[in-house]
Amino acid sequence: MNEFDYTAPATVEEAVAQLGTGARVLAGGTDLIVQMREGRRQVGHVVDLKRIAELTEVASTPDGGVAIGAALNVTALSAHPAMAAYPALVESGRMIGSYQIQNRASIGGNVCNAAPSADAVPALICLGARAVVAGPGGRRDEPVEALFAGPGRTTLGPRDVLVSLRLPPAAKRSAAAYLRFTPRREMDIAVAGVGAWLRLDERGAVAEARLTLAAVGPTPIRAAQAERLLIGEKPSAKLVAEAAALAARDARPISDTRGSAEYRRELVKTLAARAVAACCARLGNPLETA
Amino acid sequence: MKALRPFTINGEEIELALDTRDTLLELLRDRAGLTGSKEGCGNGNCGACTVLVDGAPVNACIMLAVEAVGRKIVTIEGVAANGKLDRVQQALIDLGGTQCGYCTPGVVLSATALLERNPNPTEIEIRHALAGNLCRCTGYDKIVEAVVAAAARVGA
Ligand SMILES: Cc1cc2nc3c(=O)[nH]c(=O)nc-3n(C[C@H](O)[C@H](O)[C@H](O)COP(=O)(O)OP(=O)(O)OC[C@H]3O[C@@H](n4cnc5c(N)ncnc54)[C@H](O)[C@@H]3O)c2cc1C
């Protein structure tokens, strides 16, 4: 690694003040340190966020939701009692690497590294997460899905710090799920992943639906046609299969060593159907399988 | 730039000359002379460098040493008490859960941390806890059997 300065500020404002040309924030380092060691990223100043209380805690928000500190590691996050209301996000976090990796890796780092295969991102988007960002001009908040600009690229400025990920309270009659396909059961990167979220109305018809596709485009993709098809209907195996076929059409996969574009599209179809079915099962309305 | 910084390694407080660029693994091996922790892949996949930081297994090859200042580090050298092997180490020997030995320090630390948080793990939980420790010799079954046996030897 090249020489760099290291600081560990105690507040978000100090961190923002320390950022600038050549500086990079450090959360768990499971992406950043690997990239620095492999010479893929030159960093002149590492700003460690883990001494900042707000970035390493789960706080409840006035609306009854939670604010997840961007640098909190996945192990601590999964164990936090407030996260029991968001099982899909906990499960997604626990797909990231091994115990060793999860003891370091943060959800904020997963978002900001912006890998199309990032496992925590579909669940965040499906759960309606918003990103609280601090920069030289103060704080702002925007939907998580607005942060992605391309593989490895976010819309954050060089002096912006992702402070927290805010989840609204889990709505009544709602459930989410994230499923991915990897050739190995552990320690592997998604060839394709699909997150789903459904909210049912009192009759059991879909009032709102979100489907997010991972690793099949430069950024996460919302499968808007599939979402529209589901809304207003009571979920059935037939409807879910049709929605899954539409989701596969929204995928924009590439062919690489992990899989061909055609294979990825097939995976999206299968995973989308299973993810929606998993939501239905969580809602106590398991789909009848044909 | 090098500076003396305090570390707590295997219960001992020690000042070490630290270069900001040092990984925790480099600090342990090259500055503290504790060569039990190994470097395999160098990118967080193989787990040969696994050590405990405040009780949690981490890959020392992708953690900066400066991040560990003031925290409790346990390496394989700190596992046996007064020359007596700990139950995971003994079970690995008894059941043939080690061959070339390169992955063994990391396996011991991952398994020790598992038994610490979950004294009665299922086989699935053991395999899950060891997912980040690759072994090219044993085929894993004997390692898993050893951890099952170690869990049964509570207090031994
Ligand atoms: C062996 C191994 C296995 C892995 N397996 C998986 C897997 O299965 N699934 C998966 O999705 N990922 C996987 N990863 C990738 C990585 O672990 C995750 O992306 C992780 O969530 C990154 O979090 P981190 O805290 O370590 O981020 P860091 O490495 O600290 O940061 C990542 C990037 O985001 C920036 N950043 C971090 N936090 C902020 C912030 N608050 N504000 C602004 N910018 C920020 C950093 O500057 C850096 O560019 C794996 C990595 C390894 C080494």
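Draft legend 1. Layout of empty space enclosed by the protein. By the definition in use, this model includes 1 cavity of 30 Å³ or more. As a volume, the largest cavity reaches approximately 30 Å³. Arg94(A), Gly97(A), Ser98(A), Tyr99(A), Gln102(A), Glu186(A) and His128(B) are the residues that line the largest cavity.

Draft legend 2. Structural detail: the nonpolar core. Membership of the largest hydrophobic core comes to 85 residues, with the highest contact counts inside it found for Leu89(A), Leu167(A) and Leu24(B). The residues touching Leu89(A), leaving out its near neighbours within four places in the chain, are Ile68(A), Met83(A), Ile107(A), Ala120(A), Ala123(A), Leu124(A), Leu127(A) and Leu167(A). Ranked by size, the runner-up nonpolar core spans 35 residues in total, among them Ala177(A), Leu213(A), Ile221(A) and Ala247(A).

Draft legend 3. Representation of the confidence of the model for chain B within the structure. Overall, the prediction assigns chain B a mean pLDDT of 95, with 97% of residues at 70 or greater. Note on the complex model: pTM 0.97, ipTM 0.96.

Draft legend 4. Summary view of the pattern of salt bridges. Under the criterion given, the structure shown has 29 salt bridges over all chains. For the salt bridge of Glu3(A) with Arg21(B), the shortest nitrogen-to-oxygen distance reads 3.9 Å. On the criterion of chain membership, the pair formed by Glu3(A) in the segment before strand 1 (5-7) and Arg21(B) in the loop between strand 2 (12-19) and helix 1 (24-31) is interchain, its members lying in two chains. Classification of Arg21(B) as partly exposed rests on a relative accessible area of 26%.

Draft legend 5. The interface of chain B and chain A, seen in detail. Facing the 30 residues of chain B at the interface are 26 residues of chain A. Both sides of the chain B and chain A interface together cover about 2,300 Å² of buried area, and 56% of this is carbon and sulfur. Taken together, the links from chain B to chain A amount to 5 salt bridges. Here chain B and chain A share 10 residue pairs in polar contact (both at pLDDT 80 or more) between them. For the side of chain B that touches chain A, the secondary-structure elements that each account for two or more residues are strand 4 (56-59), helix 3 (104-117) and helix 4 (123-129) of chain B. When residues in the side of chain B that touches chain A are grouped by element, the largest group, 4 residues, is from strand 4 of chain B.

Draft legend 6. Examining the sheet that holds strand 3 (residues 50-53) of chain B more closely. Residues and elements named next belong to chain B. Pairing is mixed across the open sheet formed by 5 strands, whose spatial order is 2-1-5-3-4. Two strands lie at the open edges of the sheet, namely strand 2 and strand 4, each paired on one side alone. Taken pair by pair, the neighbouring strands of this sheet meet at an average axis angle of 45°, ignoring direction. Judged from the 4 bridges that link them, strand 3 and strand 4 form a sheet pairing that is antiparallel. In the strand pairing of strand 4, Leu52 is matched with Pro57. On the sheet, helix 3 packs against strand 3, strand 4 and strand 5 (72-74) and is oriented at approximately 35° with respect to strand 3.

Draft legend 7. Here's a closer look at the sheet that holds strand 1 of chain A. Residue and element names in this part refer to chain A. Pairing is parallel in the open sheet, where 3 strands are placed in the order 1-3-2. Pairing within the sheet leaves two strands with one partner each, and these edge strands are strand 1 and strand 2 (23-26). The sheet shows a mean angle of 20° between the axes of neighbouring strands, direction not considered.

Draft legend 8. Structural context of the domain arrangement of chain A. All names here are of chain A. We note that the domain assignment places domain 1 (51-167) and domain 2 (174-282) within chain A. With centres defined by C-alpha atoms, the gap from domain 1 to domain 2 works out at 21 Å. Taken together, the contact between domain 1 and domain 2 spans 21 residues of the former and 21 residues of the latter. Of the roughly 1,800 Å² buried between domain 1 and domain 2 on both sides combined, carbon and sulfur atoms contribute 65%.

Draft legend 9. Structural context of the site of the ligand. Looking at the ligand, there are 33 residues lining it, with Val25(A), Thr30(A), Asp31(A), Ser106(A) and Asp119(A) nearest. More than a single chain frames the ligand: its nearby residues are located in chains A and B. One nitrogen or oxygen atom from the side chain of Arg24(A) is found 2.9 Å from an oxygen atom belonging to the ligand. Here a nitrogen atom of the ligand and a side-chain polar atom of Asp119(A) are 2.7 Å apart. Protein contact buries 94% of the 980 Å² of open area that the ligand shows by itself. If you list the elements that add at least two residues to the shell around the ligand, you get strand 2, helix 6 (107-113) and strand 10 (161-167) of chain A. It is helix 6 of chain A that provides the largest number of residues to the shell around the ligand, a total of 4 residues.

What counts and how
Starting afresh in each chain, residues are numbered from 1 along the sequence in its written order. Ligands are numbered from 1 and chains lettered from A, in the order in which they are written. Local features are withheld for residues below a pLDDT of 70 in this predicted model, meaning they are given only at 70 or higher, and side-chain atom pairs are given and counted only at 80 or more; totals for whole chains, interfaces and linings count all residues. Note: side-chain values were computed over all heavy atoms of the structure, leaving out hydrogens and water. Note on definitions: the grid is 1 Å and covers protein atoms alone; a cavity is a set of points where a 1.4 Å probe fits but cannot get out; a pocket is an open set with protein on both sides within 12 Å along at least five of seven lines; lining residues have an atom within 4 Å of a point. Grid points are joined across faces, edges and corners, and a volume is the space filled by probe spheres set on the points. Among buried residues, those of type Ala, Val, Leu, Ile, Met, Phe, Trp, Tyr and Cys that are joined through side-chain atoms within 4.5 Å constitute a nonpolar core. Using a 1.4 Å probe on the protein chains alone, a residue whose accessible area is under 20% of its type maximum counts as buried, one over 50% counts as exposed, and one in between counts as partly exposed. When checking whether two residues touch, look at their non-hydrogen atoms; a contact exists if any pair is within 4.5 Å. As a per-residue measure, pLDDT tells how confident the predictor is, with possible values from 0 to 100. By salt bridge we mean one thing: a side-chain nitrogen of Lys or Arg within 4 Å of a carboxyl oxygen of Asp or Glu. Note on conventions: DSSP H or I runs of at least 4 residues are helices, E runs of at least 2 residues are strands, and numbering of each starts at the N terminus. Throughout, buried area stands for the accessible area (probe radius 1.4 Å) lost by two parts on being put together, summed over both. Under the rule applied, a polar contact is a pair of N or O atoms within 3.5 Å (in protein, one hydrogen donor and one hydrogen acceptor; residues adjacent in sequence only if both atoms are side-chain atoms). Here the rule is simple: two strands pair whenever DSSP picks up at least two bridges between them. Think of each axis as a best-fit line through the C-alpha atoms, taken over the contacting stretch in the case of a helix, with angles from 0 to 180 degrees between the N-to-C directions. An automatic or database domain assignment is the source of the domain bounds shown. One heavy atom within 4 Å of a molecule or strand makes the whole residue count as near it. Accessible surface area values rest on a Shrake-Rupley calculation with a 1.4 Å probe, where residue burial reflects the displayed protein chains alone.

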